[in-house]
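# Structural characterization, general
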Amino acid sequence: MVRAVSTSSTLRRIALLWLLMAAPSAWADWRAELPGAALVGQGDFTWFGWRVYQARLWSPAAPVSWEQPFALELIYRRELSRDTLVQASLDEMRRLGGTSVEEARLAAWDDEMRKAFIDVQPGQRITGLYQPGKGGSFYVDDQFRHAVADTDFARAFFAIWLDARTRNPELRRELLGLNETNP
């Protein structure tokens, strides 16, 4: 009987080890997906004087471009619901995309963001990894949450912060490491 228990226990350990090796990306943080990433820039997003989050842009190369991967890390300073995060993102994606973004596509993106985001508490981080030609992946407190294999979505989402028409041009400049002498 003791031998059967030890064999069963050994088999469970082997199965667990196999699962851990077969799906390493499920436990890997975004840094493993973006080797050599360095902080390009950072800044705060405020709303009517309230500090909502600190944003950090990471990339293996500067200047950042749409042809290379990068990560946008948001460290929340306020409690916000997933619904608020999704709706604010959709509103900006709609604004920046204009009539070129169909409502059916926005509905699909709504569903993807609901899988990627959570209700955030102060101190929590959501990091989006932009991968040209692949889409984007999202991590919550460095744990993989959801991947979106839609390059149009990824471009539209990250444009909220990085497009020249962003609602917060000062934050964009800070993220991209731009200043008066380096526009």
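The following paragraphs examine the structure supplied in this document. (Residues numbered from 1 in each chain as written. Predicted model: local features only at pLDDT ≥ 70, side-chain atom pairs only at ≥ 80, totals over all residues. Heavy atoms only, no water.)

## Re the nonpolar core
- Membership of the largest hydrophobic core comes to 41 residues, with the highest contact counts inside it found for Met 93, Phe 117, Phe 157 and Trp 161.
- Contributing elements (two or more residues each) for this core: β2 (50–59), β3 (70–76), α3 (82–97), α4 (103–116), β4 (125–131), β5 (135–140), α5 (151–162) and α6 (169–176).
- Top contributing element to this core by residue count: α5, with nine residues.
- Excluding residues within four positions of it along the chain, Trp 161 makes contact with Tyr 53, Leu 72, Leu 74, Thr 166, Leu 171, Arg 172 and Leu 175.
- With six residues, the next largest nonpolar core counts Trp 30, Leu 34, Ala 71 and Tyr 139 among its residues. (Core = buried A, V, L, I, M, F, W, Y, C linked by side-chain atoms within 4.5 Å. Buried < 20%, exposed > 50% of the residue type's maximum accessible area, 1.4 Å probe, protein only. Helix = DSSP H or I, 4+ residues; strand = E, 2+ residues; numbered from the N terminus. Contact = heavy atoms within 4.5 Å.)

## Some words on the pattern of salt bridges
- If you walk through the whole model with that rule in mind, you get 15 salt bridges.
- Here Arg 56 ties to Glu 73 by a salt bridge, and the two come within 3.6 Å at their closest N and O atoms. Note that Arg 56 is positioned in strand β2 and Glu 73 in strand β3, a separation of 17 residues in sequence.
- Owing to a relative accessible area of 1%, Glu 73 belongs among the buried residues under this scheme.
- Of the charged contacts in the structure, one is a salt bridge between Glu 92 and Arg 95, with a shortest N-O distance of 3.0 Å. Taken together, the positions of Glu 92 and Arg 95, both in helix α3 and three residues apart, correspond to about one turn of that helix.
- You can call Glu 92 buried: its relative accessible area is 12%.
- One connected set of salt bridges, linked through shared partners, spans Asp 29, Arg 31, Arg 56, Glu 73, Arg 125 and Asp 142. (Salt bridge = Lys/Arg side-chain N within 4 Å of Asp/Glu carboxyl O.)

## Examining α3
- With 16 residues, α3 ought to run about 22 Å at 1.5 Å a step, and its terminal C-alpha atoms sit 22 Å apart, in line with that.
- On the buried face of α3, the contacting elements are β3, α4, β4 and α5. (Expected span 1.5 Å × (residues − 1).)

## Looking at the pairing of strand β6 (residues 143–148)
- Relative to β6, β5 runs antiparallel, the two being bridged by five bridges. By the bridge assignment for β6, Val 140 is matched with Gln 143. (Pairing = 2+ DSSP bridges.)

Function cannot be read off these values alone, since they describe shape.
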